Amino acid sequence: MGITNTVQSSWWLLVFMVFLLFHSSHEFLESSQYEAIVKIKQLLNFPQDLSSWSDNTDFCNSEPNTALTLMCYEDNITQLHISGYNWFPNLPQGFSTDTLFSNLALLPNLKVLSLVSLGLRGTLPKNIGFLSSLEIVNISSNFFYGEIPEEISYLKGLQTLILDDNMFTGQVPEGVGSLPSLSVLSFKNNSFSGSLPNSLSSLQTLRILSLSGNKFSGVVPNLQNLSNLQVLDLESNNLGPNFPNLPTKLVSLVLRKNKFSLGVPKELSSCYQLKKLDISSNELVGPFSPTILSLPSLNYLDISGNKLTGNLLKNVTCSQDLSFVNLSSNYLTGELPSCLHPSSGSKIVFFSGNCLSNRERWQHPYSFCHNEALAVSIEPHNKEKVKGGNGKAVLASSTVGGFVGVIAIIGLAFVVFKREYAKKKANKTPQTILILEKVSPAHTLKLLNDARYISETRKLGLLGAPPYRTFVLDELREATSNFDLSNLIGASSSGQIYKGRLTDGTAVAIRSIKMRKRHNVQSYTHHLGRISKIRYCHLVSTIGHCFECYQDDSSVSRICLVFEFVPNGTLRGVISDANSAQKFTWTQRMGAAIGIAKGIQFLHTGIVPGIFSNQLKITDVLLDQNLHVKISKYNLPLLIENKKMDSGSSSSGSKGNDGRRLKYEEKDDVYDFGVILLEIITGRTINTKNDIDVSKDILIVSLTADEIARRNIIDPAVRNECSDSSLRTLMELCIRCLSDESSERPSVEDLIWNLQFAAQVQDPWNRDTYGNQESPGQV
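The structure contained in this document is the topic of the report that follows. (Residues numbered from 1 in each chain as written. Predicted model: local features only at pLDDT ≥ 70, side-chain atom pairs only at ≥ 80, totals over all residues. Heavy atoms only, no water.)

**Some points on the pattern of salt bridges**
Okay, so step 1: Throughout the structure, instances matching the rule amount to 14 salt bridges.
Okay, so step 2: In this structure, Glu548 engages Arg558 in a salt bridge whose closest nitrogen and oxygen atoms are separated by 2.5 Å. Here the residue Glu548 occupies a position in strand 28 (residues 542-549), and Arg558 occupies one in strand 29 (residues 556-564), the gap between them amounting to 10 residues. Each of the two residues, Glu548 as well as Arg558, counts as buried.
Okay, so step 3: Where Glu707 meets Arg711, a salt bridge forms, and the shortest distance between an N and an O atom there is 2.9 Å. Residue Glu707 and its partner Arg711 are both found in helix 13 (residues 707-713); the two are separated by 4 residues, about one turn of the helix.
Okay, so step 4: Residue classification places Arg711 among the buried positions, given a relative accessible area of 12%.
Okay, so step 5: Through salt bridges with shared partners, a single ionic network connects Glu235, Arg256 and Asp278. (Salt bridge = Lys/Arg side-chain N within 4 Å of Asp/Glu carboxyl O. Helix = DSSP H or I, 4+ residues; strand = E, 2+ residues; numbered from the N terminus. Buried < 20%, exposed > 50% of the residue type's maximum accessible area, 1.4 Å probe, protein only.)

Here's what the structure looks like:
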């Protein structure tokens, strides 16, 4: 009996020890994950509202917020989402992406990793390969640079890889094509170069391939066997000349702004699920097949800016879903199909710059397209003509010599015809200017190779502006009632600004810039490329451009820049305008200041090279429909160059002085920000240097006085809303910004840090004053 009791006791002791061991191991694992999250929080300087974490925090069941979302399964972290849309981390000195990813590696069951818009800088660490459980990775809208490490191929379970809106360079590693489960691959808006890896042809599970806004070149790999591929976006690269081999289940195909030139394959007419087709701004030759118009699912078609030929017929049928068609700037003849006529419904249709019989939009004479069609249809050996649109373009010839010969003939025929045509027109209408609705495809081929389209992550809240594109002048005329004076909302020495509304209902502001000297389209390619990249939530974004050209030499006489329209007036209207019915609260003012500072930061560092010396004023800060600030005026590179062209001057100084010059120009913008901050604090309009000096002296004196004195000099509308700590922080920052010595002014990063600190110390004051209710200043 005693032996039995002893055995039973030993058994229960063993069970208890195993339980303790298991429990201890489980607790240790949970502790290591907790420590990793806390370390990541420290590395990224998380907002103040997460500072309440303690050793007892159950982070798996904590409420998600705008900065951080954690998801767990069986007490293991499986998803980590960190977003900087509503805050921008002030990364500490010595921040290391290697350290960040080393801590992420302590989350062994992590399947989803999203680090979006956090200002992360550096190369993508090789130790990302240690996160073997990852299935979804999204690190878009950061500042990662360098090449993608080969170790990315270790992530065999990876299904989604999004690296949009960074600064990655080099070639895409072949190992990406060895990921057996990859269904979404998006590298938009980086600086990748070289040819696309042939291994992409092996990604049988791929559904979305988006590589727009890079510098890829060469032939596209054969994608014909990717039976699951639905979205292919290769816009704004240097790919070509062969049109890619494609699967038939595509839903969206975007190849615009590349170097495709050898014709559109007949197989494209078999893509019955295709909804969007954009092959514009290439040099595609040969006949355009009208059967594409009748694809049953098609709702968007853009073939503009090519050399496509063919005779359109009135009785061609169109898809019932078709809502947008752009046939402009090709060599099409015949008659616009009835289903595309402007009176046929709500379709948006552009067809100018062809040789169609319809004269509602500007057309070339028939002889222009006839001669061009002959030029691109000459056989390299027997030079026989091909009838109408039935023959295939001979530019697809397999011999290199024949190809070069045809190109030479095309160029010669085009030059001769252009000169004769210009002479005839000049004799009929001397000294008149022909406004081209869109420049020739040869001119626009390389335009905006780096123009950035909005990534899916930005569509979720970073930007509301539509993608950047080239406009036809007819669109802008229609939007502004032919640039009627009733739509004029501003004017300066460089041109006029008109309010307009596009056919899809989008409100726009159109800035018409008269070019001082005659230059061809290529002269402006670099500047427009930079302008197209100025897209940020606190900047009024450009959404497109349009050229106006002289007839005699096709040089640019005017450029129209199209901006998003911001409807709610200027920041001054809610700060210091005596007639305003609405005034911003203290918290709203701090939010506006942070937004302006972030906008300046993007101008300096968000594009390369940065934009400095913006001469920013409070009247240049506009409010959108949500009363968020957007900087409307910045030092557009096109305007700078236009002034140089006008004066004949060029930038001087050696390259060795560039760093000093940029540092000085950065501090110029900080000074201008200080003037805006001065008006935000005092609520008085600041227009002159004397206004600045007097108000600055008052701030300096008030810092040495008591809290009551400080409150007496600020805007009475917010006198009782702000905490003294928040007010002092902004006053001290404002005085530093307005220092006469530029070296004593803070950096833009220092600005953002101090402004966010002022907001943090204000928040507890709001809670103490207003309890659990929303404070009057809360946005």
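**Section: the pairing of strand 29**
Okay, so step 1: Across the 9 residues that make up strand 29, a large majority, 9, are buried.
Okay, so step 2: Here strand 27 (residues 507-514) pairs with strand 29 via 7 bridges, running antiparallel. Within strand 29, the residue paired with Ser512 across the bridge is Cys560.
Okay, so step 3: With 7 bridges joining them, strand 28 and strand 29 adopt antiparallel strand pairing. What sits directly across from His545, in strand 29, is Leu561.
Okay, so step 4: Hairpin connection between strand 28 and strand 29: a loop of 6 residues separates the two successive antiparallel strands, and Ser554 in this loop has a positive phi of roughly 60°. (Pairing = 2+ DSSP bridges.)

**Structural notes on the packing of aromatic side chains**
Okay, so step 1: Under the defined criterion, the tally for this structure stands at 11 aromatic pairs.
Okay, so step 2: Here the aromatic rings of Phe168 and Phe192 are separated by 5.9 Å at their centres, their planes lie at 10°, and the arrangement is stacked. Highlighted residues: Phe168 in strand 8 (residues 167-170) and Phe192 in strand 10 (residues 191-194), separated in sequence by 24 residues. The pair formed by Phe168 and Phe192 is uniform in burial state, with each residue classed as buried.
Okay, so step 3: On the basis of an interplanar angle of 75° and a centroid distance of 5.2 Å, the ring pair of Phe483 and Tyr498 is categorised as edge-to-face. Taken together, the positions of Phe483 in the loop between helix 7 (473-479) and strand 25 (488-492) and Tyr498 in strand 26 (residues 495-501) put the pair 15 residues apart, joining distant regions of the chain.
Okay, so step 4: Using a relative accessible area of 13% as the deciding quantity, one classes Phe483 as buried.
Okay, so step 5: Residue classification places Tyr498 among the buried positions, given a relative accessible area of 8%.
Okay, so step 6: Linked through ring pairs, Phe144, Phe168, Phe187, Phe192 and Phe216 together constitute an aromatic cluster.
Okay, so step 7: For Arg558, the ring lying beneath its charged end belongs to Phe483, and the centroid distance is 5.1 Å. (Phe/Tyr/Trp six-rings, centres within 6.5 Å; stacked < 30°, edge-to-face > 60°. Lys NZ or Arg CZ within 6 Å of the ring centre and 35° of its normal.)

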